[in-house]
Amino acid sequence: MSATPVETGQLAPDFTLTDQYGQQVTLSSYRGAKNVVLMFYPAAFTGICTSELCTLRDRTPDLEADDTVVVGVSCDRVPALKIFATQESIDYPLLSDFWPHGDVARAYGVFLDSHGIATRATFVIDKQGVVRWSVVNGPGDARDIDAISAAVDALGASSTAVSDQPVNS
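Residues numbered from 1 in each chain as written. Predicted model: local features only at pLDDT ≥ 70, side-chain atom pairs only at ≥ 80, totals over all residues. Heavy atoms only, no water.

(A) Region of interest: the pattern of salt bridges. Applying the stated rule across the entire model yields eight salt bridges. Between glutamate 52 and arginine 120 there is a salt bridge, with the nearest N and O atoms lying 2.9 Å from each other. Here glutamate 52 is found in helix α1 (residues 47-65), whereas its partner arginine 120 is found in strand β8 (residues 120-125), with 68 residues between them in sequence. Judged by its relative accessible area of 2%, arginine 120 falls in the buried class. Salt bridges here are not isolated pairs; linked through shared partners, they connect Lys34, Asp67 and Lys127. (Salt bridge = Lys/Arg side-chain N within 4 Å of Asp/Glu carboxyl O. Helix = DSSP H or I, 4+ residues; strand = E, 2+ residues; numbered from the N terminus. Buried < 20%, exposed > 50% of the residue type's maximum accessible area, 1.4 Å probe, protein only.)

Structure follows, in structure tokens:
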């Protein structure tokens, strides 16, 4: 990997990327309003990625009930993401980190220089923009979607406890 992954308790690096519909999405636009499940994945149309992204698609109503949005990031081009999202009925943002190639994945410490892709990494970010939970897997190692759901549930249970903590930037 290109660097050490962002750690829990750190302010999530902000970014603006283009989604599958050509719209600009800025991470900090969710601050104060939504928690974010930020999922880096190696590539659209691959077995593990498709399975994970579709499982999260199916769980989106539960996550939205917890004031949470899912955002996927890969180094795929926007047109590929549009076809993939349409084919798999994914309506949450799939963002293209294609150019400058992998810059956001690098900022999060999850870019695999040797492969030119992001590895499989998940960051649960609270409404204040702070990373509260993360896991980094190898590109061929599937995520535990139940663990992601538990991390989001924990945000709701501890929202008053974490909102008063100072943030180191």
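(B) Layout of the packing of aromatic side chains. One pass over the structure, following the stated rule, counts five aromatic pairs. Here phenylalanine 45 and phenylalanine 84 contribute two aromatic rings whose centre-to-centre distance is 5.1 Å and whose plane-to-plane angle is 70°, an arrangement assigned as edge-to-face. Taken together, the residues span a long stretch of sequence, with phenylalanine 45 in the loop between β3 (35-40) and α1 and phenylalanine 84 in helix α2 (residues 78-88) at a distance of 39 residues. Joined through ring pairs, the aromatic side chains of Phe15, Phe40, Tyr108 and Phe123 make up one cluster. (Phe/Tyr/Trp six-rings, centres within 6.5 Å; stacked < 30°, edge-to-face > 60°.)

All we've got here are geometric facts, nothing functional implied.
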